[in-house]
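Architecture at a glance
If you want the building blocks of each chain, they are given just below.
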Amino acid sequence: MDTVCENIRAKLIMGIKKRLVSDAKLGFLLSGGLDSSLVCAVAQRHCKTPICTFAIGMEGDAIDLKYARQAADFIGSSHTQVVITRQDVLDALETVAAVLGTFDITTVRASVGMFLVCKYIHENTDIRVLLTGEISDELFGYKYTDFAPSAQAFQKESEKRIRELHMYDVLRADRCISANSLEARVPFGDLDFVEYVMSVDPEKKLNTYGKGKYLLRRAFAQGDFLPEEILWREKAAFSDAVGHSMVNYLKEYAEGLYTDKAFKAKSKSYTHARPFTKEALLYRELFEKYYPGQGQLVDGFWMPNPEWEGCKVDDPSARVLANYGASGE
């Protein structure tokens, strides 16, 4: 275990350092979650001046803003908070759907916040390169992978998620950043790092510790990289942590667009990835507006593995899982 954690730490630090070499000015997306906070903490140690970090959250109930500020204060970055409203979310939705080229529910939800923070960075700063914390979940686990029935099942799910990166989390990061004329760099996607983590005995990656992503947390437990509260913070999905109200607003908006009868009729017209909620139908119709008849290019909806006990849910948000716990605090 000590050797594994030492290697994880060394290889991630190297992956971050590599991506600090840039002719253009660097910025960092900081949600206050474990992954982006580690990227920022390591980067700050290897930069002579304060790095520029950015966080986004909903007016009124942003979870991330509090933790991002705490992480930024601890590492000494120059931090900016972007606060958005219900109207900002609804105004951006169609643009985001067009940029993404997907109707996947969780990808669209999470992209609204990411798109808006990138838009702010492009319009208000001279930063042109962004480092982010994507690809950690696929390697070390989501909230739902706590329910993996075996180490082999965990490993198989991790491999599946990595193969699908271009359709979900990295599609989001790539499109939201590049659509705003910025370059994305993803240290957790460093090939040497990915190959090493995937070679670790999956028994060690199972959440038998009472805390997800235990190996990654333990790897940075020494050295005062982050406050304990951030290093051991429960995972909250990005679309939820921007503010639970954001997803609620999107659902309410979709609810007001269709009667139950219209929803059933319109949904039946799709044989592939049939929308199963009014929100899903809204995203599918936006997709069809910009990419008519191309729905087959999207494999389906990102959802927890329905074959696992505890994962048979009707929404991709971790909020609906029994183990969500303190993630929303």
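In this report, we go over the structure that sits alongside the text. Remember, predicted model here, so these are calculated numbers, not experimental data.

With that settled, the discussion passes to the pattern of salt bridges. For the structure on display, the rule yields 27 salt bridges. Residue arginine 218 pairs with aspartate 2 through a salt bridge whose shortest N-O separation is 2.3 Å. Note that arginine 218 is positioned in helix H11 (residues 214–219) and aspartate 2 in helix H1 (residues 2–18), a separation of 216 residues in sequence. A relative accessible area of 48% places aspartate 2 in the partly exposed class. One salt-bridge network, in which partners are shared between bridges, spans Arg109, Lys251, Glu279 and Asp315.

In this section: empty space enclosed by the protein. Per the stated rule, a full pass over the model turns up four cavities of 30 Å³ or more. When its volume is computed, the second largest cavity comes out at roughly 180 Å³. Lining the second largest cavity we find 20 residues, and of these Phe140, Gly141, Asp146, Gly212 and Lys213 sit closest to its centre. Looking at the lining of the second largest cavity, the elements with two or more residues in it are helix H10 (202–205) and H11.

With that settled, the discussion passes to the packing of helix H5 (residues 105–124) against helix H8 (residues 169–178). At a minimum axis separation of 9 Å, H5 and H8 run at an interaxial angle of 30°. Taken together, H5 and H8 sit at an angle that is classed as roughly parallel. The interaxial crossing formed by H5 with H8 has right-handed handedness. Counting all contacts with H5, which are made through Thr107, Ala110, Ser111, Met114, Phe115 and Cys118, the residues of H8 involved are Leu171, Arg172, Ala173, Cys176 and Ile177. In terms of residue class, the contact of H5 with H8 is built from eight nonpolar, two polar and one charged.

Another point: the layout of surface pockets. Its volume calculated, the largest pocket comes out at about 180 Å³. The wall of the largest pocket is formed by Lys25, Leu26, Phe28, Cys47, Lys48, Thr49, Pro50, Ile51 and Cys52. Broken down by class, the residue content of the lining of the largest pocket amounts to six nonpolar, one polar and two charged.

Quick look at the packing of aromatic side chains now. Enumeration according to the criterion identifies 13 aromatic pairs in this entry. Ring centres of phenylalanine 103 and phenylalanine 287 lie 5.2 Å apart, and the angle between their planes is 90°; on these two criteria the pair is classed as edge-to-face. A residue pair is termed long-range when its members are at least 10 positions apart, and phenylalanine 103 in the loop between helix H4 (86–100) and H5 and phenylalanine 287 in helix H16 (residues 278–290) qualify at 184 residues. Here phenylalanine 103 falls in the buried class, since its relative accessible area comes to 0%. Ring geometry for tyrosine 144 against tryptophan 308: centres 5.8 Å apart, planes inclined by 40°, an arrangement best described as tilted. Of this pair, tyrosine 144 sits in the loop between helix H6 (136–140) and helix H7 (151–163) while tryptophan 308 sits in the segment after H16, and the two are 164 residues apart along the sequence. Each member of the aromatic cluster is reached from another via a ring pair, and the members are Phe103, Phe276, Phe287, Tyr291 and Phe301. The positively charged end of arginine 284 is found above the aromatic ring belonging to phenylalanine 103, 4.4 Å away from the centroid.

What counts, and where the lines are drawn
- Residues numbered from 1 in each chain as written.
- Predicted model: local features only at pLDDT ≥ 70, side-chain atom pairs only at ≥ 80, totals over all residues.
- Heavy atoms only, no water.
- Salt bridge = Lys/Arg side-chain N within 4 Å of Asp/Glu carboxyl O.
- Helix = DSSP H or I, 4+ residues; strand = E, 2+ residues; numbered from the N terminus.
- Buried < 20%, exposed > 50% of the residue type's maximum accessible area, 1.4 Å probe, protein only.
- 1 Å grid on protein atoms, 1.4 Å probe; cavity = no way out; pocket = protein on both sides within 12 Å on 5 of 7 lines; lining within 4 Å.
- Points joined across faces, edges and corners; volume = space filled by probe spheres on them.
- Axes fitted to C-alpha atoms, helices over the stretch in contact; angles between N-to-C directions.
- Parallel < 35°, antiparallel > 145°, perpendicular 65-115°, else oblique.
- Left-handed = near helix turned anticlockwise from the far one by under 90°.
- Contact = heavy atoms within 4.5 Å.
- Nonpolar A, V, L, I, M, F, W, Y, C, P; charged D, E, K, R; others polar.
- Phe/Tyr/Trp six-rings, centres within 6.5 Å; stacked < 30°, edge-to-face > 60°.
- Lys NZ or Arg CZ within 6 Å of the ring centre and 35° of its normal.

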